[in-house]
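Residue-level structure breakdown
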Amino acid sequence: MSLPEIASREQWRAARAELLVKEKAATRARDALSAERRGLPMVAVDAEYVFEGGDGKATLLDLFEGRLQLVVYHFMFAPEWDAGCRSCSGFLDQIGHLAHLKARDTSFAAVSRAPFPKILPFKARMGWTVPWYSSYGSDFNRDFEVTLEHEGELSERPGLSCFLRDRDRVFHTYSTYERGLDGLGSTTSLLDLTALGRQEAWEEPKGRSSALGAPAGSERVRYHDEYDD
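These numbers come from a predicted model, not from an experiment. (Residues numbered from 1 in each chain as written. Predicted model: local features only at pLDDT ≥ 70, side-chain atom pairs only at ≥ 80, totals over all residues. Heavy atoms only, no water.)

With that out of the way, let us pick up the side chain of Ser138. Position of Ser138 among the secondary structure elements: in the loop between strand E6 (132-134) and helix H6 (140-143). Of the polar contacts made by the side chain of Ser138, one reaches the backbone nitrogen of Phe140; its length is 3.2 Å. (Helix = DSSP H or I, 4+ residues; strand = E, 2+ residues; numbered from the N terminus. Polar contact = N/O pair within 3.5 Å; in protein donor to acceptor, adjacent residues only side chain to side chain.)

Opposite charge on two side chains makes pairing possible when the charged atoms of those side chains draw close. Taken as a whole and judged by the stated rule, the model has 11 salt bridges. Close ionic contact of Arg179 with Asp182 constitutes a salt bridge, the shortest N to O distance being 2.5 Å. In this structure Arg179 comes out as exposed when scored by relative accessible area, which is 68%. One salt bridge in this structure joins Arg198 and Asp192, with 2.8 Å as the shortest N-O distance. (Salt bridge = Lys/Arg side-chain N within 4 Å of Asp/Glu carboxyl O. Buried < 20%, exposed > 50% of the residue type's maximum accessible area, 1.4 Å probe, protein only.)

Before going further, it helps to examine the packing of aromatic side chains. The geometry of two aromatic rings is summed up by the distance between their centres and the angle between their planes. Throughout the structure, instances matching the rule amount to 17 aromatic pairs. Judged by centre distance (5.9 Å) and plane angle (65°), the rings of Phe75 and Trp128 are edge-to-face. With a gap of 53 residues between them, Phe75 in the loop between strand E4 (69-74) and helix H3 (86-94) and Trp128 in the loop between helix H5 (116-126) and E6 connect regions that are remote in the sequence. Residue class for Phe75 comes out buried when judged on its relative accessible area of 2%. Take Trp128: its relative accessible area is 11%, and that puts it in the buried class. Ring plane angle 45° and centroid distance 4.6 Å describe the contact between Phe75 and Trp132, whose orientation is recorded as tilted. Pair noted here: Phe75 is in the loop between E4 and H3 and Trp132 is in strand E6, with a separation of 57 residues, a long-range link. Counting every residue linked through ring pairs, the aromatic cluster contains Tyr73, Phe75, Phe77, Phe91, Phe122, Trp128 and Trp132. (Phe/Tyr/Trp six-rings, centres within 6.5 Å; stacked < 30°, edge-to-face > 60°.)

In terms of burial, E4 is largely enclosed, as 6 of its 6 residues are buried. Side chains of E4 alternate between two faces, with Gln69, Val71 and Tyr73 and Leu70, Val72 and His74 buried alike. Bridge count for E4 against strand E5 (residues 106-112) is 6 bridges, and the pairing is parallel. The residue bridging Val72 from the neighbouring strand is Ala109, located in E5. Where E4 lies against strand E9 (residues 159-166), 6 bridges are found, and the strand directions are antiparallel. Residue Leu70 lies in a different strand from E9, and its bridge partner there is Phe163. (Pairing = 2+ DSSP bridges.)

Soluble globular proteins: nonpolar side chains tend toward being buried together. Grouped together as the largest cluster of nonpolar side chains are 29 residues, with contacts concentrated most on Tyr73, Phe75, Leu92, Ile95, Phe108, Trp132 and Leu160. For this core, the secondary-structure elements that each account for two or more residues are E4, H3, E5, H5, E9 and helix H7 (187-191). Once residues within four sequence positions are removed from consideration, Leu92 is found in contact with Tyr73, Phe75, Phe108, Ala110, Trp128 and Val130. With 16 residues, the next largest nonpolar core counts Val45, Phe51, Leu60 and Val111 among its residues. (Core = buried A, V, L, I, M, F, W, Y, C linked by side-chain atoms within 4.5 Å. Contact = heavy atoms within 4.5 Å.)

Written as structure tokens, this is what we have:
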């Protein structure tokens, strides 16, 4: 195994300070990239998808649970499989308490192509409480490019899509796939992919931090059992 060099505390501090300059530059570049992402146009979703979840049939609008935004994790689980994808399972294990997303008017749900009766026992085995829906029988996975067809064969790939609601109209704002999922899982990393972002005053474009009519950013952070949902 190749290990780091051994140095004195003073040498470590000097090397750390040099690296910190690059880390701060990377943070600013990430913020600029997130702002550019929020500047993307949005596309109306007019298809009437039907999902199945714990409460029965649901539309895409239902998945918002009345909130302004929706983040969907496209969980790889084909109809013929007996269990969900291991890598997707690792991703879902990383998702924290959803109260912090909900406080920013953002819902989270997993969607798979497997029938719901297959999803339910696997979800119980994994001990997950996040909303998980089946898109079986609809074109949702194909339309959002996570079920692909090549020479008559279907294949799955992981992805994540963000949606924004304007009253009863649903809009698609962003999607990312495969390596684009690296580093995601925290509340802020998911919010950075959405059209409204973290809803903090410093973010660009201006005007979205006040979209919910509530204090922005860290002023709204509570213990997860203190939020009014």
